[in-house]
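Geometric and topological summary
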Amino acid sequence: MKGISLLGATGSIGTQTLDVIRSNPERFKLQAIAVGKNLDLTRKIIREFQPAIVSVQNKEDKERLKAEFPKNIKFTYGEEGLIEVATCEDTEVLVNAILGSVGLLPTLQAIEAGKTIAIANKETLVTAGHIVMTKAKEHNVTILPVDSEHSAIFQCLNGENEKEIERLIITASGGSFRDKSRDELVNVTVEDALNHPNWSMGAKITIDSATMMNKGLEVIEAHWLFNQPYEKIECLLHRESTIHSMVEFTDGSVIAQLGTPDMRIPIQYALTYPERLPSNSERLDLAKIGSLHFEKMDFERFRCLHFAYEAGKNGGTLPVVLNAANEVAVQAFLTGKISFLEIEDWIEKALTSHQVIANPDLQTILHVDKETRDIVSRYK
Ligand SMILES: NC(=O)C1=CN([C@@H]2O[C@H](COP(=O)(O)OP(=O)(O)OC[C@H]3O[C@@H](n4cnc5c(N)ncnc54)[C@H](OP(=O)(O)O)[C@@H]3O)[C@@H](O)[C@H]2O)C=CC1
Ligand SMILES: CC(=O)[C@@H](O)[C@H](O)COP(=O)(O)O
Ligand SMILES: [Mn+2]
């Protein structure tokens, strides 16, 4: 029986992780969860899975739940709570499905505690990939990708020598506005932006997909997970999201991973790796799909992808600023403060006004992350 800790249990990846655990009760035991503010769903999860530790975002919510449930469940909150969940003694695997760079510290603590990390939370790797990967190596900890493209690449590599990789090809659906010109983006609404053509996901990543920042974050994520230079990481527009990504090897062979757009497949693979278990996910019917389409990526149309490559290549604290500015700007768009195209403007402004610090340590990263959020929150 594998003990699981789950950060972000009430979210899109979190609830799909619960589906995988629910379908395999003889394999997995949910030991600890961290959630934000969705108490109704948290109550249901506690009743069904009886985790030993539950962390919520706020102290008041912690007190509320503590009064409602038996004393054998430990309730905790905030940053300390995330770390308690991530390092829970009876846990073997941490599934990091929280949103944003708040996932960084619990991930580092879980690595120190020797937990295997199943990582969906790409903001953590973008913000501090070098620190996470170095620490994982030091502690002999495995980092397993959950993000569909990275799970695909991981499956294509299947232990191949990284020196034999010619390039990683990350596919992109193009998001909600893939058929719109930049002029047509001026007045798009939040509702339009949240209408992803292929995937059902949380709000922030759906907006990231529409701006193409999701692909940008995934390029940086791939750089750290697979130890490849940016010159060997390409993005390809593929509107069907049937090929989740590909690897081209030095001999010219290209290996791709395909599947229906169902995140329970990569989540389950991360939880059962190196084994595969049966699943009741919908099967791919290629005859029904008929044809697959591919287009070159347009960096002028999708400026966020350009920002991400530049931030990744130049390194230092730039990816920290890229991610923090994006988190704040997307939230501002979702709450109606700014227009869709202003997301890019805010990110560009944050990046161009930042004085880059090379080889940042953890304290510097945390400082720049907070400073960027403060600065960008004051933009008008
Ligand atoms: N959704 C998808 O298909 C994919 C997602 N990812 C990545 O996975 C991560 C999660 O995405 P997704 O599931 O879509 O996001 P959601 O918005 O659906 O879920 C986010 C989860 O994080 C919790 N949360 C947010 N902030 C805090 C906080 N400060 N403290 C504690 N809990 C917090 C939320 O709690 P609550 O709701 O209770 O407030 C919720 O459980 C992101 O990094 C995303 O990029 C990667 C690939 C695919
Ligand atoms: C499911 C998943 O991994 C998402 O990151 C998804 O890939 C978003 O799709 P696009 O960013 O390609 O629109
Ligand atoms: Mn993805």
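This one's a predicted model, so the numbers in the text were calculated from it and none came from an experiment.

Observations regarding the overall build of the protein chain
What the protein chain contains, in helices and strands, is 16 helices and 12 strands. For the C-alpha atoms alone, the extent of the protein chain along its principal axes is close to 55 × 50 × 40 Å. Across the 380 residues of the protein chain, 55% fall into the buried class. Long-range contacts, defined here as pairs at least 24 residues apart, represent 68% of the contacts in the protein chain between residues at least 6 apart. Summed over all atoms, the accessible surface of the protein chain reaches about 17,000 Å², with 48% contributed by carbon and sulfur. On the protein chain, the mean spot of the 41 positive side-chain charges and the mean spot of the 53 negative ones are 5 Å from each other.

Describing the site of ligand 1
Neighbouring residues of ligand 1: 23 residues in total, closest Thr10, Ser12, Ile13, Lys37 and Glu123. One of the backbone N or O atoms of Gly36 is found 2.9 Å from an oxygen atom in ligand 1. Between ligand 1 and the protein, one listed contact pairs an oxygen atom with a backbone N or O atom of Gly202 at 3.0 Å. Coverage of ligand 1 by the protein chains reaches 86% of its 900 Å² of free accessible surface. Those elements giving two or more residues to the shell around ligand 1 turn out to be helix H1 (12-23) and helix H6 (122-138). A per-class count over the shell around ligand 1 returns 10 nonpolar, nine polar and four charged. Each of domain 1 (2-145) and domain 2 (150-314) gives at least three residues to the shell around ligand 1.

Quick look at the site of ligand 2
Within the structure, ligand 2 sits among 16 residues, and Ser148, Glu149, Ser173, Ser209 and Asn214 are positioned closest to it. For ligand 2, an oxygen atom lies 2.8 Å from a polar atom in the side chain of Asp147. Within the side chain of Asn214, an N or O atom sits 2.7 Å from an oxygen atom of ligand 2. Out of a free accessible area of 350 Å², ligand 2 has 97% covered by protein chains.

Remarks on the domain arrangement of the protein chain
What the domain assignment reports for the protein chain is domain 1 (2-145) and domain 2 (150-314). At the boundary of domain 1 with domain 2, total buried surface from both sides reaches about 2,400 Å², with 70% on carbon and sulfur atoms. In this structure, Lys204 engages Glu123 in a salt bridge whose closest nitrogen and oxygen atoms are separated by 2.9 Å. Here domain 1 and domain 2 share five residue pairs in polar contact (both at pLDDT 80 or more) between them. Grouping the constituent residues of the side of domain 1 that touches domain 2 by class yields 14 nonpolar, six polar and five charged.

Quick word on the coordination of the manganese ion (ligand 3)
Ideal geometry at a metal centre gives angles of 109.5 degrees when four donors are arranged tetrahedrally and 90 or 180 degrees when six donors are arranged octahedrally. In the first shell of the manganese ion (ligand 3), the protein supplies Asp147 (OD), Glu149 (OE) and Glu218 (OE), at 2.1 Å from the metal. Sequence positions of the donors to the manganese ion (ligand 3) reduce to the motif D-x1-E-x68-E. Taken together, the positions of Glu149 in helix H7 (residues 148-157) and Glu218 in helix H10 (residues 213-226) put the pair 69 residues apart, joining distant regions of the chain. Classification of Glu149 as buried rests on a relative accessible area of 8%.

Looking at the sheet that holds strand S2 (residues 28-34)
What the seven strands build is an open sheet, ordered S4-S3-S2-S1-S5-S6-S7; its pairing is parallel. The sheet is open, and its two borders are formed by strand S4 (74-77) and strand S7 (143-145), each paired with just one other strand. Sheet twist, expressed as the mean angle between neighbouring strand axes with direction ignored, is 25°. Looking at chain direction, strand S5 (residues 93-96) and strand S6 (residues 116-119) are connected through four bridges and run parallel. Directly across from Val93, in S6, lies its bridge partner Thr116. Lying over the sheet, helix H3 (residues 59-68) contacts strand S3 (53-56) and S4, oriented at roughly 170° with respect to S4.

Re the nonpolar core
A general tendency of soluble globular proteins is for nonpolar side chains to be buried together. In terms of nonpolar packing, the biggest core is built from 116 residues, with Leu30, Leu322, Phe340, Ile343 and Ile347 touching the most fellow members. For this core, the leading source of residues is helix H14 (residues 318-334), giving 10 residues. Split by domain, the residues of this core number at least three in each of domain 1 (2-145) and domain 2 (150-314). Apart from the residues within four sequence positions on either side, Ile343 is in contact with Ile207, Thr211, Asn326, Ala329, Val330, Phe333 and Ile338.

A short note on the environment of Arg43
One can find Arg43 in helix H2 (residues 39-49). Taking the relative accessible area as the measure of exposure, Arg43 reaches 16% and is therefore buried. Through-space distance from the C-alpha of Arg43 to that of Gly316 is 42 Å; in sequence the pair is 273 residues apart. Once residues within four sequence positions are removed from consideration, Arg43 is found in contact with Arg64, Leu65, Glu68 and Phe69.

Calculation criteria
- Numbering of residues starts from 1 in each chain and follows the order in which that chain's sequence is written.
- Chains carry letters and ligands carry numbers; both start at the beginning, A for chains and 1 for ligands, and go up in the order they are written.
- For a predicted model such as this one, the threshold for reporting local features is a pLDDT of at least 70, and the threshold for listing and counting side-chain atom pairs is 80 or more; totals across whole chains, interfaces and linings nevertheless cover every residue.
- Water and hydrogen atoms play no part in the side-chain values, which are based on all heavy atoms of the structure.
- Per the convention used, a helix needs a DSSP run of H or I reaching at least four residues, while a strand needs a run of E reaching at least two, with both numbered from the N terminus.
- Under the scheme applied here, a residue whose accessible area is under 20% of the maximum for its type counts as buried, over 50% as exposed, and between as partly exposed, the area being computed with a 1.4 Å probe on protein chains only.
- Throughout, a contact is declared for two residues whenever any of their heavy atoms are within 4.5 Å.
- For the accessible areas, the method is Shrake-Rupley and the probe is 1.4 Å, while residue cover comes only from the protein chains on display.
- Charge counting treats Lys and Arg as positive and Asp and Glu as negative, with His and both chain ends excluded.
- Where a charge lies is defined by one atom per residue type, namely NZ (Lys), CZ (Arg), CG (Asp) and CD (Glu).
- Whether a residue is near a molecule or strand depends on its heavy atoms: it is near if one of them lies within 4 Å of it.
- Two N or O atoms count as a polar contact when they lie within 3.5 Å, although within protein this holds only if one can serve as hydrogen donor and the other as acceptor, and sequence-adjacent residues are included solely when both atoms are side-chain atoms.
- Lys, Arg, Asp and Glu make up the charged group, whereas Ala, Val, Leu, Ile, Met, Phe, Trp, Tyr, Cys and Pro make up the nonpolar group; the residues left over, Gly among them, are polar.
- Source of the domain bounds: an automatic or database domain assignment.
- Two parts lose some accessible area (1.4 Å probe) when they are put together, and adding that loss for both gives the buried area.
- In what follows, salt bridge is the name for a side-chain nitrogen of Lys or Arg lying within 4 Å of a carboxyl oxygen of Asp or Glu.
- Here the coordinating atoms are restricted to nitrogen, oxygen and sulfur within 2.8 Å of the metal centre, or 3.2 Å for Na, K and Ca, and because water is not among them the sites may look incomplete.
- Two strands are counted as paired when DSSP detects at least two bridges linking them.
- A fitted line through C-alpha atoms represents every axis, and for helices the fit uses only the stretch in contact; the resulting angles, taken between N-to-C directions, go from 0 to 180 degrees.
- Among the buried residues, those of types Ala, Val, Leu, Ile, Met, Phe, Trp, Tyr and Cys that are joined through side-chain atoms within 4.5 Å form a nonpolar core.

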